[in-house]
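# An overview of the molecular structure
Next come the chains, spelled out residue by residue.
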Amino acid sequence: MTSKAEIRHLADVINKALEFKGANWRISVEWAYGRPRAYKSPVEFPDRADKELSPRLPTGKMLLWLEAFLEGMGA
């Protein structure tokens, strides 16, 4: 079973890759209704998750989604 800590760790890995690439945005993962969703937020306002990046998924599927996102970044 996938844990929230695993999801958060992978989000941190993605954010480090985004920072390395000079992106001006970061991702965060938030839970509602027992399921996570990835959000995009500007670097200068990291607590403002204003754009949805993913659908709301079961935790295990979110891990796969984030892995695919990271792979798609070429990181």
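Below you will find a few notes about this structure.

### Overview of the nonpolar core
- In this structure, Ile 14, Ile 27 and Leu 66 are the most contacted members of the largest nonpolar core, which totals 16 residues.
- Those elements that provide at least two residues to this core are helix H1 (4-20), strand S1 (25-32) and helix H2 (59-73).
- With 6 residues, the top contributor of residues to this core is H1.

### Concerning the packing of aromatic side chains
- Within the structure shown, the criterion is met by 2 aromatic pairs.
- Taken together, a centroid distance of 6.4 Å and an interplanar angle of 80° make the contact between Trp 25 and Phe 69 edge-to-face. One end of the pair, Trp 25, is in strand S1; the other, Phe 69, is in helix H2, and 44 residues separate them in sequence.
- Of the residues examined, Trp 25 reaches a relative accessible area of 19% and is grouped as buried.
- Using a relative accessible area of 21% as the deciding quantity, one classes Phe 69 as partly exposed.
- Between Trp 65 and Phe 69 the ring centres are 5.4 Å apart and the planes differ by 20°, which places this aromatic pair in the stacked class. In this pair, Trp 65 and Phe 69 are both assigned in helix H2, 4 residues apart and thus about one turn of the helix distant.
- Among the aromatic residues, those joined into a cluster by ring pairs are Trp 25, Trp 65 and Phe 69.
- We note Lys 4 situated over the ring of Trp 31; from NZ or CZ to the ring centre the distance is 5.1 Å.
- Against the face of Trp 25 rests Lys 40, its NZ or CZ located 4.8 Å from the ring centre.

### Focus on the environment of Ser 28
- Within the secondary structure layout, Ser 28 lies in strand S1.
- For Ser 28, a relative accessible area of 18% gives the class buried.

### Quick notes on the sheet that holds strand S3 (residues 51-52)
- Taking strand neighbours across the sheet as the criterion, the 3 strands line up as S1-S2-S3 in an open arrangement whose pairing is antiparallel. On the outer flanks of this sheet lie S1 and S3, each paired with one strand and no other.
- In this structure, S1 lies alongside strand S2 (residues 35-42), joined through 8 bridges in antiparallel fashion. Each bridged residue has a counterpart across the sheet, and for Ser 28 the counterpart in S2 is Tyr 39.

### Here's the deal with the pairing of S2
- Burial of S2 is extensive: 6 of the 8 residues sit out of reach of the surface.
- Here S1 folds back onto S2, and the loop between the two strands holds 2 residues, one of which, Tyr 33, carries a positive phi near 55°.

Parameters and conventions
Residues numbered from 1 in each chain as written. Predicted model: local features only at pLDDT ≥ 70, side-chain atom pairs only at ≥ 80, totals over all residues. Heavy atoms only, no water. Core = buried A, V, L, I, M, F, W, Y, C linked by side-chain atoms within 4.5 Å. Buried < 20%, exposed > 50% of the residue type's maximum accessible area, 1.4 Å probe, protein only. Helix = DSSP H or I, 4+ residues; strand = E, 2+ residues; numbered from the N terminus. Phe/Tyr/Trp six-rings, centres within 6.5 Å; stacked < 30°, edge-to-face > 60°. Lys NZ or Arg CZ within 6 Å of the ring centre and 35° of its normal. Pairing = 2+ DSSP bridges.

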